[in-house]
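# Fold and contact review
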Amino acid sequence: MRISDPVAAARDIVRAHHPQARAAFLGGSAPTERRTATSDLDIVVVLEGEPAPSRHSFRHAGWPVELFAHTERSWRAFIERETAARRSPLLWMCAAGVLLLDRDGVGELLAGEARTRAAAGPPPVTTTELDDRRYALSDLLDDLEGCEEATERLFVVTELARRTGELVLLRHGAWLGGGKWLARRLEDVDPGFPERLRAAVRAALDGGSGPLVALIDEVLEPVGGRLWAGYHRQGTP
């Protein structure tokens, strides 16, 4: 039987699996108004040592659970790596999540660090990265123009949608996200854009590429437009 209260269920899980945890957080959608029938419990526990760092997926009292175990040291190491990639699920689970347990103050300490880093935003995007993304979108737009096979069009269009969404976030200096979080972060920085992109993608999948091409060119224009001829990268030996 499913425990209806996600916070109570998460506390039960921490007690059962890591009774000596120093701190624990419940992140994700489960403790928010965005919870759905399929939301899982994203739990972060802070331990003194093994089995951290680790992750474990299982079910408990009707809930799908993703349990992430860290030491204070591994938590900071993961945050650094994820921040460099401009996408840190761990950071947001602790910055915006519910503090379930805090035995020695480390929970409040890490929550404060997470909130500060989340508010500061990701590292600035470089000109090189913008050019790489302009090139990738330009190349995919060429593929779309010559695409006559429906299945190939499906993958070209969906890749264009993902990369376009990410470029919008980079232009705004915002955190990246995957899946539903990409849509949510886009709506936060550019309200209405996800719906415009959805409509353009639907038209492109039905064979009408014009709206999607126009929308992508609109996104590319502030960063220099399409880039293909003249693009160059030097590889390492």
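Above this note sits the structure.
Residues numbered from 1 in each chain as written. Predicted model: local features only at pLDDT ≥ 70, side-chain atom pairs only at ≥ 80, totals over all residues. Heavy atoms only, no water.

### A few points about the packing of aromatic side chains
The relative placement of two aromatic rings is captured by the distance of their centres and the angle of their planes. Applying the stated criterion to the full structure yields two aromatic pairs. Each ring, one from Y135 and one from Y231, has its centre 4.2 Å from the other, and the planes form 10 degrees; the classification is stacked. Taken together, the positions of Y135 in helix 5 (residues 127–145) and Y231 in the segment after helix 9 (210–220) put the pair 96 residues apart, joining distant regions of the chain. Note on Y231: relative accessible area 25%, which makes it partly exposed. For the cation-ring pair, R184 lies above W181, with the distance from its terminal atom to the ring centre recorded as 4.7 Å. (Phe/Tyr/Trp six-rings, centres within 6.5 Å; stacked < 30°, edge-to-face > 60°. Helix = DSSP H or I, 4+ residues; strand = E, 2+ residues; numbered from the N terminus. Buried < 20%, exposed > 50% of the residue type's maximum accessible area, 1.4 Å probe, protein only. Lys NZ or Arg CZ within 6 Å of the ring centre and 35° of its normal.)

### A few points about the side chain of S88
Assignment of secondary structure puts S88 in the loop between helix 2 (72–84) and helix 3 (89–95). Note on S88: relative accessible area 2%, which makes it buried. Beyond its immediate stretch of four places on either side in the chain, S88 contacts I79, E82, T83 and W175. (Contact = heavy atoms within 4.5 Å.)

### What to know about the pattern of salt bridges
If you walk through the whole model with that rule in mind, you get 19 salt bridges. Two residues, D12 and R15, come together in a salt bridge whose shortest N-O distance is 2.4 Å. Of the two residues, D12 and R15 both sit in helix 1 (residues 6–17), three residues apart, roughly one turn of that helix. The partner of D131 in a salt bridge is R134, with the nearest N and O atoms 2.9 Å apart. Highlighted residues: D131 and R134, both in helix 5, separated by three residues, approximately one helical turn. Classification of R134 as buried rests on a relative accessible area of 11%. (Salt bridge = Lys/Arg side-chain N within 4 Å of Asp/Glu carboxyl O.)

### Points about the nonpolar core
Judged by nonpolar contacts, the single largest core of 28 residues is most densely connected at L160, L167, F193, L197, L212 and I216. The set of elements that each furnish at least two residues to this core consists of helix 5, helix 6 (150–171), helix 7 (180–189), helix 8 (193–205) and helix 9. Sorting elements by how many residues they give to this core places helix 6 first, with eight residues. With residues up to four places along the chain from it excluded, the contact list for L197 reads A161, L212 and L215. Grouped together as the second largest cluster of nonpolar side chains are 20 residues, A9, V45, A52 and W63 included. (Core = buried A, V, L, I, M, F, W, Y, C linked by side-chain atoms within 4.5 Å.)

### With respect to the pairing of strand 3 (residues 54–60)
Bridging between strand 3 and strand 4 (residues 63–71) involves seven bridges; their strand directions are antiparallel. Considered in strand 4, the bridge of R59 is made with P64. Connecting the antiparallel pair strand 3 and strand 4 is a turn made up of two residues, with A61 showing a positive phi of about 50 degrees. (Pairing = 2+ DSSP bridges.)

### Section: the environment of R73
Secondary-structure assignment places R73 in helix 2. Taking C-alpha positions, R73 is 33 Å from R162, a pair spaced 89 residues apart along the chain.

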